[in-house]
Amino acid sequence: MENPLTDFSSLPRFAAIRPGHVLPAIESLVAEGRAAIEALATTGGEPTWEGFVEPLETANERLARAWAQVSHLNAVVNSPELREAYNAALPVVTQFATEQGQDLRLFGRFKALAASPGFARLPAARRRLVDNELRDFRLGGAELADAAKARFAKLQEELAALASRFQDNVLDATNDFALHVTDPAQLSGIPADVVETARQAAAKEGREGWKLTLHMPCYQPVMQYADHHPLRERMYRAYFTRASEFGRPEWDNTALIASILDKRAEVASLLGYGTYAGVSLATKMAASPEEVIAFLEDLGRRARPFAERDMAEVADFARRELNLAEVRAWDVAWVSEKLRQARYAFSDLEVKRYFPEEAVLGGLFRVIETLYGVRVRPAKAETWHPDVKFYAIEDASGALVGQFYLDLYARETKRG
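Chains are numbered independently. Their residues run from 1 in the order of the written sequence. Given that this is a predicted model, residues contribute local features only at a pLDDT of at least 70 and side-chain atom pairs are listed and counted only at 80 or more, while totals for whole chains, interfaces and linings are drawn from all residues. Excluded from the side-chain calculations are hydrogens and water; all other atoms, namely the structure's heavy atoms, are used.

K.L.:
Can you walk me through the overall build of the chain in this structure?
P.N.:
Labels follow the DSSP assignment, with helices taken as runs of H or I lasting at least four residues and strands as runs of E lasting at least two, numbered in each case from the N terminus. When you go through the chain residue by residue, the secondary structure sums to 15 helices and five strands. By principal-axis analysis of the C-alpha atoms, the chain measures approximately 80 × 50 × 45 Å. As displayed, the chain offers around 23500 Å² of accessible surface, 56% of which is attributable to carbon and sulfur atoms. In this charge count, Lys and Arg are treated as positive and Asp and Glu as negative; neither His nor the chain ends contribute. By convention, charge coordinates are those of NZ in Lys, CZ in Arg, CG in Asp, or CD in Glu. Side chains of the chain give 51 positive and 59 negative charges; the mean places of these two sets differ by 2 Å. Using the Shrake-Rupley algorithm and a 1.4 Å probe, accessible areas are obtained, with residue cover drawn only from the displayed protein chains.

And the structure:
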């Protein structure tokens, strides 16, 4: 049976992909990649763009496209079966990437290409790609001694697993929380559509009342509009203590964070950096961690007086108009909304009714079409959920220049 993850003839076949496809496809593509690398690394003669870089990019692109589909599905339609398949394939992908990043034969051929007479005649984008590859080999541990290489590879595999586990814990903790409300007085101020959605969520479980969750379509309007102070506090505390020591032990990310920091520090040490921030910035615009800190401190000095002024206004309004002696973290959004209504006779709720989804998308597409001289139109493609929409972008002659998926809604299987 054909594996949809190895079909690159057109758009991803999201509707056909099953958890059982993941590991066989990834193992097959990794084997293809290893064979291509072996051939390219042992080919004699001076390396060229067409004879070396393009075939290597093609081999990596097939695996990257397949893994991107798996990673995307793991983020937007997460299920126990898909999560298991993703975590089974993750070490395979990580090991392959680390092996390639430490392959001195490939590193040598990229260096030879950069030193060749024809390199200067390559387009700027191609020269930049080669320079970035040389940088990434160094960041991948290619210049380390054998023992350090092995340790680096082990750390990369462990960090990938920890990052996946961290994200899974946050999603599981978010989905696990539910606040069931039976007293309608506690819902005072919350928009009617949010209250109705909460009622439907409770009814779906065969319960009376309303079910409030930590997903943004529920959490954000509760924090902004709910008049019931204890309700806001409970929701706030639940949201900001997700996957922590205050919840279920199996979802506690505390030890994972410590382990990630330790392993990142060891990676930085192996590569000769003082901190992992230096490793991260090696591929970014800032030159050093000190430059970033200086920028943030300068930004803080400039912004702080305005933030303090705004917060003083909020606190003063809360005391005078709302009989709230102290504005706590779970009060800020609510008090700010009340202040906006009192001062400007303006509320997000009033504006919201003028911006239904179709009107917003229509306006957005008109702006895009006006700025870039293109047309955005609905199109058809396999998607991962019935709510997902697909669009094509065409130029003035009707030629296809791009396509995109639009997945607007929160789901329990979808990360934030």
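K.L.:
Would you explain unusual backbone geometry in this entry?
P.N.:
In the Ramachandran plot, Ala 243 falls in the positive-phi region, its phi being about 50° despite a non-glycine side chain. Relative to the helices and strands, Ala 243 is located in the loop between helix H9 (229-240) and helix H10 (254-270). A 1.4 Å probe rolled over the protein chains alone gives each residue an accessible area, and that area as a share of the maximum for its type sets the label: buried under 20%, exposed over 50%, partly exposed in between. Here Ala 243 falls in the buried class, since its relative accessible area comes to 9%. The backbone phi angle of Asn 323 is positive, close to 55°, even though this residue is not glycine. For Asn 323, the location among the structural elements is in the loop between helix H12 (289-322) and helix H13 (332-344). Taking the relative accessible area as the measure of exposure, Asn 323 reaches 71% and is therefore exposed.

K.L.:
Before we go on, may I ask you to explain H10 in this structure?
P.N.:
Since there are 3.6 residues in each turn of an α-helix, residues three or four apart along the chain are aligned in direction. Spanning 17 residues, H10 covers 25 Å between terminal C-alpha atoms, matching the ideal 24 Å at 1.5 Å per step. Buried residues of H10: Leu 256, Ile 260, Lys 263, Val 267 and Ala 268, and no others. Along the axis of H10, the buried residues cluster in a sector spanning 145°; they form a single face. Residues of H10 that are exposed and angled more than 90 degrees away from the buried face: Ala 255, Leu 261, Asp 262 and Ser 269. Of the residues one or two after H10, Gly 272 is the one with positive phi, at around 85°. Expected span of a helix, by definition, is 1.5 Å for each gap between consecutive residues, and there is one gap fewer than residues. The arc refers to the directions leading from the helix axis to the C-beta atoms.

K.L.:
How should I be thinking about the pattern of salt bridges in this particular structure?
P.N.:
When charged atoms on two side chains of opposite charge get close, those side chains can pair. Here a salt bridge means any side-chain nitrogen of Lys or Arg lying within 4 Å of a carboxyl oxygen belonging to Asp or Glu. One pass over the full model with this rule turns up 38 salt bridges. Of the charged contacts in the structure, one is a salt bridge between Glu 38 and Arg 105, with a shortest N-O distance of 3.1 Å. Taken as a pair, Glu 38 in helix H1 (residues 19-42) and Arg 105 in helix H4 (residues 104-115) lie far apart in primary sequence, 67 residues in all. The salt bridge partner of Arg 320 is Asp 316, with a shortest N-O separation of 2.7 Å. Pair noted here: Arg 320 and Asp 316 are both in helix H12, with a separation of four residues, about one helical turn. It is possible to trace a salt-bridge network through shared partners that takes in Arg 83, Asp 168, Asp 172 and Arg 415.

K.L.:
Even after reading the chapter, I still don't get the packing of H12 against H13, so can you show me in this structure?
P.N.:
Each pair of packed helices can be summarised by the angle the axes make with each other and by the distance between the axes. Here the axes come from fitting lines to C-alpha atoms, over the contacting stretch only for helices, and the angles between their N-to-C directions go from 0 to 180 degrees. The interhelical angle for the contact between H12 and H13, taken along N-to-C directions, is 80°, at an axis separation of 10 Å. As far as their axial angle goes, H13 and H12 are roughly perpendicular. On H13, the residues touching Met 311, Glu 313, Val 314, Phe 317, Ala 318 and Leu 322 of H12 are Val 332, Trp 334, Val 335, Ser 336, Lys 338, Leu 339, Ala 342 and Arg 343. Across the contact of H12 with H13, the residue classes tally to 10 nonpolar, one polar and three charged. What sets the label is the angle itself: under 35 degrees gives roughly parallel, over 145 gives roughly antiparallel, 65 to 115 gives roughly perpendicular, and the rest give oblique. Contact definition: two residues touch when any of their heavy atoms are within 4.5 Å. Only Asp, Glu, Lys and Arg are considered charged in this grouping, and only Ala, Val, Leu, Ile, Met, Phe, Trp, Tyr, Cys and Pro are considered nonpolar; every other residue, Gly among them, is considered polar.

K.L.:
What am I meant to see in the nonpolar core here?
P.N.:
Generally speaking, soluble globular proteins have nonpolar side chains that are buried together. Here, the term nonpolar core denotes a set of buried Ala, Val, Leu, Ile, Met, Phe, Trp, Tyr and Cys residues that are joined through side-chain atoms within 4.5 Å. With 43 residues, the main nonpolar core has Val 22, Ile 26, Phe 52, Trp 67, Phe 110 and Val 130 as its most contacted residues. Of all the elements in the fold, those that place two or more residues in this core are H1, helix H2 (49-76), helix H3 (80-101), H4 and helix H5 (124-139). It is H2 that provides the largest number of residues to this core, a total of 10 residues. Apart from the residues within four sequence positions on either side, Trp 67 is in contact with Ile 26, Tyr 86, Ala 89, Leu 90 and Val 93. If you look at the next biggest cluster of nonpolar residues, it comprises 21 residues, including Phe 177, Leu 187, Val 222 and Trp 330.

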